[in-house]
Number of protein chains: 2
Amino acid sequence: MINKPISGFSKLSKGKKLRWIVDNFFKDPEGVAKELMSYWLLDEEKQQLLDRFSENTISNFHLPYGVAPNFLINGKSYCIPMVIEESSVVAAASNAAKYWHERGGFHAEILCTEKIGQIHFTWPGEIHQLQNCMSELRSQMLEATRDITRNMEERGGGIKDIELTDISDQTPQTYQIQVSFDTVDSMGANFINSVMEAFSKVLTDFVASRTEFKPHQHDLDIIMAILSNYTPKCLVRAWVECPVSELGSFRDFTAERLAQRFEKAVKIAKVDPYRATTHNKGIFNGIDAVVIATANDFRAVEANGHAYAAKDGQYRGLTDCEISNGIFRFWIEIPLSIGTVGGLTSLHPMARHSLELLGNPDAEELMKIIAVMGLAQNFAALRSLITTGIQKGHMKMHLHNVLASLNATEQEVAQTVNYFADQVVSYAAVRDFLLKLRSSQAKLPLS
Amino acid sequence: MINKPISGFSKLSKGKKLRWIVDNFFKDPEGVAKELMSYWLLDEEKQQLLDRFSENTISNFHLPYGVAPNFLINGKSYCIPMVIEESSVVAAASNAAKYWHERGGFHAEILCTEKIGQIHFTWPGEIHQLQNCMSELRSQMLEATRDITRNMEERGGGIKDIELTDISDQTPQTYQIQVSFDTVDSMGANFINSVMEAFSKVLTDFVASRTEFKPHQHDLDIIMAILSNYTPKCLVRAWVECPVSELGSFRDFTAERLAQRFEKAVKIAKVDPYRATTHNKGIFNGIDAVVIATANDFRAVEANGHAYAAKDGQYRGLTDCEISNGIFRFWIEIPLSIGTVGGLTSLHPMARHSLELLGNPDAEELMKIIAVMGLAQNFAALRSLITTGIQKGHMKMHLHNVLASLNATEQEVAQTVNYFADQVVSYAAVRDFLLKLRSSQAKLPLS
């Protein structure tokens, strides 16, 4: 550990950055340097592309890229790419896909596609003074951004609405310009931010020039101008349904009982925030895996979805279930602001392949695919939770992970699996057991 | 696109899975197969380890692995590993680190470390009947899990409390056993889930055997038993502070004005959910980058933090700011349930290096580092938003990404940068401009 700050680190070459890191922080500088470099892509151009996504890069972090086949969505088949490091998620998705393939598949529809940008500003005046001249301000804003919006309008999108909002009751003299957009197949962050910053300038100049305002009201203070990641009007709904009798029995549970327990589990996540958090976490296991595979921004998707889960004043589960007239129905409604053009979607080499694997969907189709994956994940997780419990499968996979990392032989694997049938699997516990096993076997010939 | 479901896909070898994928979904099967295979690790053992994390893997997804040096936290220096594909995040973190290094650095403290597990069950009885025998039930539960808890207790953790809660007012006959844990340096998911499933069995048997219950009350129905990812009592606080005068001026803004604008920006995120979502999204840009670099579970961290942001009935920003007696103070309080042992932290090859780079912290130290990164990110984002706006830097980086992917020459880069000084950067717009540029130059010798 070093306590003196380093200057000019960002200006060092990648190799020199790596050198500084291993020399200052690692016990085995040569070994670590060699390993970190072994993760570089052999194709130098592609590696440089990756390095340009971010800053101060010294290596790559690998996440497993898997696929979940057999998704039937609105009558069309998909094999969905998933990037996730957690075990069981891809397997659960694949199981749910196959299960629902035999029951009519998944259904999905877009409810609305409105994106949001905001200008936050303070102004020593009354809201009605601004309201009175909003239509003039609107025209000036639209006029000033013609160059920015032309391309987007040609693609069928653009600015949809410009509203003034008042939050001065919660923080003094503070107002907002809230703009809604259609950004078609792009997530639209760059576009929205550019428009909002241009609007800010218009707003400042506009207020400075209004003769009806008092002198001290000519100074309007822009605090910030930026898109909102919360898009409750950019919504997709996905659902499955079938007669309860066709759900099939599972282990000791009849179809009827399964359906009732499932409905109860969904209900509990609606009323208890502790359960809702875990319930939604599972949904995002599926959602993020596709979001990452297509190089969309999973932090934006997470923030949006969780804020939506809290929209009515309590944090709640994002899925719903209903059993009515013998029909089991399970659905999700979630805001998703993602793109299939722009951002990194066309830059990350694997994202391009993900999109081709999905048949090069537009943004609305990708919204449906992602929502379906969230629903599928939740279905599989709940079905497992209300029947066998999730621990059995998890522990088995984790145990095999740990055994592999400890280079266990086939015989050792068999003995360890047997021992851990009723024990909690942890890296330390498995290592200790294996060490004991090995030392007892080493002693065997001596006894 | 194929519409017939495939059977036994998960049982195919990795190579055969890849073959099926490229043959069925790609225009250029050979080229794509070759490229996807080029992302496999050369070290077969390490690749098999990665493949075992998840299922149906056919390749790896690369994310840039960068570092942010110069973080001073509680007087100790750190260079923090970050895995993120979004531009400006690592640069912003590094800038904030250096800025605060000169102002006393970051401070952080653990407020509490309680993890949560739940059994959700239905039972045809009154809550007070169960309350009356809770102490006996508690003893039986603890007794039945001695084998599971022994290791954890030796490490200083274990079961802290077992409570009965009642949600029957919201969903009929439904109750919960809520258990709090200390899982020391592990996130504890496996441990908690194992305990909760064991407790479920005890609970069922216990209720079946109570002679004071009516006959129909001997059947208690366990709906599910699992950890909660919501841990509002596993909290860390990180903060920075300095006299307002020492904040320094920035562009046209005096230190005083900067502080006031900053405080206002934080306040807006407290009162407006649209702004809060984006505000917190930026915080998680920093948090997730470290969470991934250490192979912790970012979906769990996101769900936890966002649910906490909605804890008082409205979704709010996670940071706070105060200017008092000439002192500027900025802080975050956030639940973080992460580990430095167990899970993938010791299995993912890069995670081990991340932990060594951080000086092999325990879980509490890593909680502090992660919270500081969230705070640093929010500081940098807000400072940029309230001064220059974020678009300028973003657009520049994005433009260079796109130019690189289009193999632009040095001269083309210069001309394109010049043209896009006042244009919105998008992949399509840059490509079109470059194509025009190239065709006009191709024609040049003819004119």
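What you are looking at is a predicted structure, and each value in this text was computed from that prediction instead of being measured. (Residues numbered from 1 in each chain as written. Chains lettered and ligands numbered in written order. Predicted model: local features only at pLDDT ≥ 70, side-chain atom pairs only at ≥ 80, totals over all residues. Heavy atoms only, no water.)

J.: Is there a simple way to explain the overall build of chain A in this structure?
T.: Tallying secondary structure elements over chain A gives 16 helices and 10 strands in all. With the principal axes as the frame, chain A shows a C-alpha extent of 100 × 70 × 40 Å. Looking at chain A as a whole, 60% of its 447 residues are labelled buried. Here the analysis covers contacts within chain A between residues at least 6 apart in sequence; of these, 70% occur between residues at least 24 apart. With the model as given, the accessible surface of chain A reaches about 17200 Å², and the carbon-plus-sulfur share is 50%. (Helix = DSSP H or I, 4+ residues; strand = E, 2+ residues; numbered from the N terminus. Buried < 20%, exposed > 50% of the residue type's maximum accessible area, 1.4 Å probe, protein only. Contact = heavy atoms within 4.5 Å. Areas by Shrake-Rupley, 256 points an atom, 1.4 Å probe, with all protein chains shown as cover.)

J.: I'm lost on the relation of the copies chain A and chain B in this one. Help?
T.: Put simply, the second copy of the chain is the first one after a rotation about an axis and a shift along it. Rotating chain A by 180 degrees and moving it 0.0 Å along the rotation axis overlays it on chain B with an RMSD of 0.0 Å. Expressed as a symmetry operation, the mapping of one chain copy onto the other fits a two-fold axis. In terms of C-alpha distance to the rotation axis, chain A has G313(A) as its closest residue, with the C-alpha 2.1 Å off the axis. Both copies contact each other with a shared surface, as 100% of the interface residues of chain A are interface residues in chain B too. (Least-squares fit on C-alpha atoms with pLDDT ≥ 70 in both.)

J.: Honestly, the packing of helix α9 (residues 255–271) of chain A against helix α13 (residues 363–385) of chain A in this entry has me stumped. Any pointers?
T.: The description of two packed helices rests on the angle between their axes and on the distance between the axes. All names here are of chain A. It is at 10 Å that the axes of α9 and α13 come closest, and there the two elements cross at 115 degrees. Taken together, the axes of α9 and α13 are roughly perpendicular relative to one another. Note that α9 runs across α13; the crossing there is right-handed. Here F262, A265 and V266 of α9 lie close against α13, whose contacting residues are F379, L382 and R383. (Axes fitted to C-alpha atoms, helices over the stretch in contact; angles between N-to-C directions. Parallel < 35°, antiparallel > 145°, perpendicular 65-115°, else oblique. Left-handed = near helix turned anticlockwise from the far one by under 90°.)

J.: Explain the environment of D362(A) to me, please; I cannot follow it from the model alone.
T.: Secondary-structure assignment places D362(A) in the loop between α12 (349–357) and α13. Between the alpha carbons of D362(A) and S186(A) there is a distance of 9.1 Å; along the sequence they are 176 residues apart.

J.: I would appreciate a short explanation of the packing of helix α10 (residues 273–293) of chain A against helix α11 (residues 298–309) of chain B in the present structure.
T.: Where α10(A) contacts α11(B), the axes come no closer than 9 Å and their chain directions differ by 130 degrees. Judged by the angle between their axes, α10(A) and α11(B) are oblique. For the pair α10(A) and α11(B), the crossing hand works out as right-handed. Contacts between α10(A) and α11(B) involve T277(A), K281(A), F284(A), N285(A), D288(A) and I292(A) on the former and, on the latter, F298(B), R299(B), A300(B), A303(B), N304(B) and A307(B). The class makeup of the residues in the contact of α10(A) with α11(B) is 6 nonpolar, 3 polar and 3 charged. (Nonpolar A, V, L, I, M, F, W, Y, C, P; charged D, E, K, R; others polar.)

J.: What's the story with the sheet that holds strand β10 (residues 327–335) of chain A in this structure? I'm lost.
T.: Residues and elements named next belong to chain A. Read from one edge of the open sheet, 4 strands run β3-β8-β10-β9, paired in antiparallel fashion. Two strands bound the open sheet, and with one partner strand each, they are β3 (107–113) and β9 (319–324). With strand direction ignored, the average angle separating the axes of adjacent strands in the sheet is 20 degrees. Bridging between β9 and β10 involves 6 bridges; their strand directions are antiparallel. Paired with D320 across the strands is W331, a residue of β10. Along the sheet, α13 contacts β3, β8 (234–243), β9 and β10; its crossing angle with β8, the most-contacted strand, is approximately 50 degrees. (Pairing = 2+ DSSP bridges.)

J.: It is not clear to me how the interface of chain A and chain B should be interpreted in this structure. Could you clarify?
T.: How big an interface is tends to be stated in terms of accessible area lost as the parts join. In this assembly, 153 residues from chain A lie in contact with 153 residues from chain B. Carbon and sulfur atoms supply 61% of the area that chain A and chain B bury against each other, a total of about 13300 Å² over both sides. On the chain A side of the interface with chain B, the three residues burying the most area are F61(A), Y274(A) and R299(A), jointly 7% of the side's total. In this structure, R261(B) engages D221(A) in a salt bridge whose closest nitrogen and oxygen atoms are separated by 2.9 Å. For the interface between chain A and chain B, the tally reads 60 residue pairs in polar contact (both at pLDDT 80 or more). (Buried area = accessible area lost by both parts, 1.4 Å probe. Salt bridge = Lys/Arg side-chain N within 4 Å of Asp/Glu carboxyl O. Polar contact = N/O pair within 3.5 Å; in protein donor to acceptor, adjacent residues only side chain to side chain.)

J.: I'm lost on the packing of aromatic side chains in this one. Help?
T.: Each aromatic ring pair is described using two quantities: the centre-to-centre distance and the angle formed by the ring planes. Taken as a whole and assessed by the stated rule, the structure comprises 37 aromatic pairs over all chains. Ring centres of F121(A) and Y175(A) lie 6.0 Å apart, and the angle between their planes is 40 degrees; this geometry places the pair in the tilted category. Here Y175(A) lies in strand β6 (residues 174–182) and F121(A) lies in strand β4 (residues 115–122), a separation of 54 residues in the sequence. Taken individually, F121(A) and Y175(A) each receive the classification buried, so the pair is uniform in this respect. Note on W100(B) and F328(B): the rings are 6.4 Å apart at their centroids and 10 degrees apart in plane angle, and the pair reads as stacked. Of this pair, W100(B) sits in helix α4 (residues 89–101) while F328(B) sits in strand β10 (residues 327–335), and the two are 228 residues apart along the sequence. Assessed through its relative accessible area of 1%, F328(B) is described here as buried. Site record: aromatic cluster; members linked through ring pairs are Y99(A), W100(A), F262(A), F328(A), F330(A) and F379(A). Its end group placed over the ring of Y308(B), K311(B) keeps NZ or CZ at 4.2 Å from the ring centre. (Phe/Tyr/Trp six-rings, centres within 6.5 Å; stacked < 30°, edge-to-face > 60°. Lys NZ or Arg CZ within 6 Å of the ring centre and 35° of its normal.)

J.: Hey, could you run me through the nonpolar core in this one?
T.: Nonpolar side chains in soluble globular proteins tend to be buried together. Ranked by internal contacts, the top residues of the largest apolar core, which has 312 residues, are F71(A), F121(A), I177(A), F71(B), F121(B) and I177(B). Not counting the four nearest positions on each side in its chain, F71(B) is found in contact with K76(B), S77(B), Y78(B), I80(B), A93(B), A97(B), F106(B), V372(B), M373(B) and A376(B). (Core = buried A, V, L, I, M, F, W, Y, C linked by side-chain atoms within 4.5 Å.)

J.: Would you mind going over the environment of S59(B) with me for this structure?
T.: Position of S59(B) relative to the elements: it lies in strand β1 (residues 57–73). Take S59(B): its relative accessible area is 0%, and that puts it in the buried class. Taking the C-alpha atoms as reference, S59(B) lies 9.0 Å from K14(B); in sequence the two are 45 residues apart. Apart from the residues within four sequence positions on either side, S59(B) is in contact with L63(A), P64(A), Y65(A), M350(A), L36(B), Y39(B) and W40(B). Polar contacts involving the side chain of S59(B) include one to the main-chain carbonyl oxygen of L36(B), which spans 2.9 Å.

J.: Sorry, what's going on with the sheet that holds strand β5 (residues 158–166) of chain B here?
T.: For sheets, the rule is that strands pair by backbone hydrogen bonds, running either parallel or antiparallel. All names here are of chain B. Taken together, the 4 strands give an open sheet; going across it, the order is β5-β6-β4-β7, and neighbouring strands pair in antiparallel fashion. Edge positions in the open sheet fall to β5 and β7 (221–228), since each of these has one partner strand only. Each strand axis lies, on average, 15 degrees off the axis of its neighbour in the sheet, ignoring direction. Inspection of the sheet shows strand β4 (residues 115–122) paired to strand β6 (residues 174–182) by 8 bridges, in the antiparallel sense.

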